[in-house]
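# Chain and residue survey
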Amino acid sequence: MRIAALCVALVALLGMISLLASDTLSAAPAADAKSKHVLVIGIDGCMPDAVQAAKAPNMKALAAAGTVTWDGFSGGVLGTPSRQNTKSMPSWNSVLMGVWCDKHLSISYRKWRPNHAQYPNMFQRLKTARPDAKSASIVTWKEINVDYRMTPGADYQANGKEDDATTALAVKHLTETNPDLVFIQLDQVDGAGEGFGFSPKSAKYMEAVEKVDTQVGQLVDALKKRGTYANEEWLIILVTDHGGTYRVNKDPKTGKEVINGSHGGDTPEERKIFVIVSGEAAQKQVVSPGPGLTVVAPTALHFLGVTYKPEWKLDAEPFGLKDYTPAGK
C-alpha cells in the first residue's frame, strides 16, 4: 500500500513539474522571434494620382503587399481648429508627431517651434519606452533636422544635398548599423511640382516621380541585403506630405505658356495624399476614403511594441496592421 501511495504521489509530482515547465516555456519569447524594425519613407509633394499613373514598380509592389490608401488627407480637418496649411513644415510635424497643428503648434514659418513637451515625436516616444532603441532621420530638406528642429530624439541625423545623396546616406546607414526606426525624406518630386506643375500631365513631374521610385527600390534592396535580414521583420511605411496645383499661365512679355505649381491651400489636389503600410504585419487591402497623414507615428510605434495610449491624445490610431483593431470596431 505504501509503495502504491508513493507511486501515485510521484506521478502527481511529475505532472506538476511538467505543467510548470510548460507554463514557463509558453511565457518565454520564442527563440526564433524576429526583431522588429520600421522604415518610413516620406516623399515630399508626391501626388497619389501621379504614382498610380507612373512607371513606379517599387512603390506599387509595396502597396500590393500591404495596406494602401490613395485618398488620405493632409491639411487637418477642414472647419475645425486642426486645419493647417498644406505646407511641408506643418505636414512633416504631423507625420512625425501624430497630431495636427492645433496640438503641435508648428503653424507657419514664423511660428515653427513644435510642441514636443506635450506631444513628443515618434523618436522621443520610442526612446522613452525603449531606451536602448536606435533611430535615425536622414533627409534632403535639411530644415527637418536643423532649422525647424522636428527630429529631437533621433540618435542619428544626416542631410543629403539632393535625393541621390540622401538615398546613399540612408543605404549606408541601413547597411552598416542596426536601427530600429529610420525616417527618410526625399524632396525633389516637390521641386519638380513647383517648377513644372503637380500633375500626371507634367512630363517633368512624372520624371521625378519615376526617379524617386528607383530610390525607393534602392532602399528596399538595402534592407534585403542586410546580413541579419532573415532574422528581422521590417514594416515599410510610405507617405507624402501634400499634393499641389497645376497652373497654366502666359508670360506677359513673351506670350508663351508657363506651367508651374504650388501648395499650401485647401484644394483637393493639395490635400489628397497616399499612405502605404507594407510588410508581413500589414493587412492586404485598399482603404478609401483614407485617413490623415497623422497615422504614420502611431502605426510605427505600435509595430515596435510601444503601446498606443488614448491619453496621448493623438489625432489617429495605428493604420493597416493585422494585430490592431481601431476603437469602436
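Preceding this section is the structure that the text describes.
Calculation notes
- For every chain, the first residue of the written sequence is number 1, and numbering continues from 1 along that sequence.
- Side-chain atom pairs in this predicted model are given and counted only at pLDDT of 80 or more, local residue features only at pLDDT of at least 70, and totals for whole chains, interfaces and linings cover all residues.
- Note that the side-chain values use all heavy atoms of the structure and ignore hydrogens as well as water.
- Going along the chain from the N terminus, every DSSP run of H or I of four or more residues is numbered as a helix, and every run of E of two or more is numbered as a strand.
- Note on exposure labels: buried denotes an accessible area under 20% of the residue type's maximum, exposed denotes more than 50%, and partly exposed covers the range between, all computed with a 1.4 Å probe on protein chains only.
- Contacts are residue-level and defined by heavy atoms, with any inter-residue pair within 4.5 Å sufficient.
- What the arc measures is the spread of directions leading from the helix axis to the C-beta atoms.
- DSSP bridges decide pairing: two strands pair if at least two such bridges lie between them.
- Lines are fitted to the C-alpha atoms to define the axes, a helix being fitted only along its stretch in contact, and any angle between axes, read from their N-to-C directions, falls within 0 to 180 degrees.
- Every helix has an expected span of 1.5 Å times one less than the residues it contains.
- Whenever two N or O atoms come within 3.5 Å, that pair is a polar contact, provided that in protein one can donate a hydrogen and the other can accept it, and provided that, for residues adjacent in sequence, both atoms are side-chain atoms.
- Of the two site types, the cavity is a set of points on a 1 Å grid over the protein atoms alone where a 1.4 Å probe fits but cannot get out, and the pocket is an open set with protein on both sides within 12 Å along at least five of seven lines, each lined by residues with an atom within 4 Å of a point.
- Grid points are joined across faces, edges and corners, and a volume is the space filled by probe spheres set on the points.
- Side-chain classes are defined by residue name, with Ala, Val, Leu, Ile, Met, Phe, Trp, Tyr, Cys and Pro counting as nonpolar, Asp, Glu, Lys and Arg as charged, and the others, Gly among them, as polar.
- Throughout this description, the term salt bridge denotes a Lys or Arg side-chain nitrogen within 4 Å of a carboxyl oxygen of Asp or Glu.

With that settled, consider the overall build of the chain. In terms of regular secondary structure, the chain is built from eleven helices and ten strands. Counting every position in the chain, which comprises 329 residues, the buried fraction comes to 50%. Across the chain, contacts joining residues at least 24 apart in sequence account for 68% of those joining residues at least 6 apart.

Further remarks concern the environment of Leu 314. Looking at where Leu 314 falls in the secondary structure, it is placed in the segment after α11 (296-303). The exposure class assigned to Leu 314 is buried, which follows from its relative accessible area of 11%. Measuring from C-alpha to C-alpha, the distance between Leu 314 and Val 295 comes to 9.0 Å, with 19 residues separating the pair along the chain. Once you skip the residues sitting within four places of it in the chain, Leu 314 turns out to touch Met 97, Gly 98, Val 99, Lys 103, Arg 125, Pro 298 and Tyr 308.

Time to look at helix α3 (residues 57-64). What α3 keeps buried is the set Met 59, Leu 62 and Ala 63. Buried residues of α3, seen end-on, are gathered within an arc of 100° and therefore sit on one face of the element. Projecting away from the buried face of α3 at angles above 90 degrees are the exposed residues Pro 57 and Ala 64. Packed against the buried residues of α3 are β1 (35-43), α2 (48-53), β2 (66-73), α9 (203-224), β6 (232-239) and β9 (272-278).

What follows covers unusual backbone geometry. Outside of glycine, negative phi angles account for most residues, and trans bonds account for most peptide bonds. Residue Pro 289 is bonded to the preceding Ser 288 through a cis peptide linkage, with omega at -5°. Mapped onto the fold, Pro 289 is located in the loop between β10 (285-286) and α11. Not every positive phi belongs to a glycine, and Leu 105 is a case in point at roughly 65°. Structurally, Leu 105 is set in the loop between α5 (101-104) and α6 (122-129). Overall, Leu 105 belongs to the partly exposed group, its relative accessible area being 41%. Even without being glycine, Lys 313 reaches a positive phi, approximately 60°. Residue class for Lys 313 comes out exposed when judged on its relative accessible area of 54%.

We now examine the sheet that holds β9. An order of β4-β3-β5-β1-β6-β9-β2-β10 is seen for the eight strands of this open sheet, with the pairing classed as mixed. The sheet is open, and its two borders are formed by β4 (156-159) and β10, each paired with just one other strand. In terms of strand pairing, β2 meets β9 through six bridges, oriented antiparallel. Paired with Thr 69 across the bridge in β9 is Val 275. Set on the sheet, helix α4 (residues 88-97) makes contact with β1, β5 (181-186) and β6; between it and β5 the angle comes to about 165°. Sheet contacts for helix α7 (residues 163-176): β3 (135-139), β4, β5 and β6; angle to β5, the most-contacted strand, approximately 170°.

Moving on to the pairing of strand β8 (residues 257-260). The sheet contact formed by strand β7 (residues 247-250) and β8 spans four bridges and is antiparallel. Residue pairing for β8: Arg 247 is matched across the bridge by Asn 260. Turn length for the β7-β8 hairpin, with the two strands adjacent in sequence and antiparallel, is six residues, and the turn residue Gly 255 shows positive phi of about 80°.

Moving on to α7. Compared with the 20 Å implied by 1.5 Å per residue over 14 residues, the 20 Å span of α7 between its first and last C-alpha is a close match. Residues of α7 that are buried include every one of Asp 163, Thr 166, Thr 167, Ala 170, His 173 and Leu 174, and no others. Along α7, the residues classed as buried sweep out an arc of 125° about the axis, all on the same side. Relative to its buried face, α7 has exposed residues pointing more than 90 degrees away, namely Thr 175 and Glu 176. Two or three places before Asp 164, at the start of α7, stands the capping residue Glu 162, its side-chain oxygen 2.8 Å from that residue's backbone nitrogen.

A volume near 320 Å³ is recorded for the largest pocket. Tyr 229, Trp 234, Ser 278, Gly 279 and Glu 280 are the residues nearest the centre of the largest pocket, which is lined by 18 residues in total. Contributions of two or more residues to the lining of the largest pocket are made by α9 and β6. Of all the elements, β6 adds the most residues to the lining of the largest pocket, at four residues. Partitioning the lining of the largest pocket into residue classes produces nine nonpolar, two polar and seven charged.

Checked against the element boundaries, Val 146 lands in the loop between β3 and β4. We classify Val 146 as partly exposed; its relative accessible area is 39%. In this structure the C-alpha to C-alpha distance between Val 146 and Gln 157, which are eleven residues apart in sequence, comes to 9.1 Å.

What follows covers the pattern of salt bridges. Applying the stated criterion to the full structure yields nine salt bridges. Residues Glu 176 and Lys 172 are paired through a salt bridge, measuring 3.0 Å at the closest nitrogen-oxygen approach. One end of the pair is Glu 176 and the other is Lys 172, both in helix α7 and four residues apart, which spans about a single turn. Judged by its relative accessible area of 45%, Lys 172 falls in the partly exposed class. The shortest N-O distance in the salt bridge between Glu 232 and Arg 226 comes to 2.8 Å. Using a relative accessible area of 8% as the deciding quantity, one classes Arg 226 as buried.

Take it as geometry only, folks, not as evidence of what the structure does.
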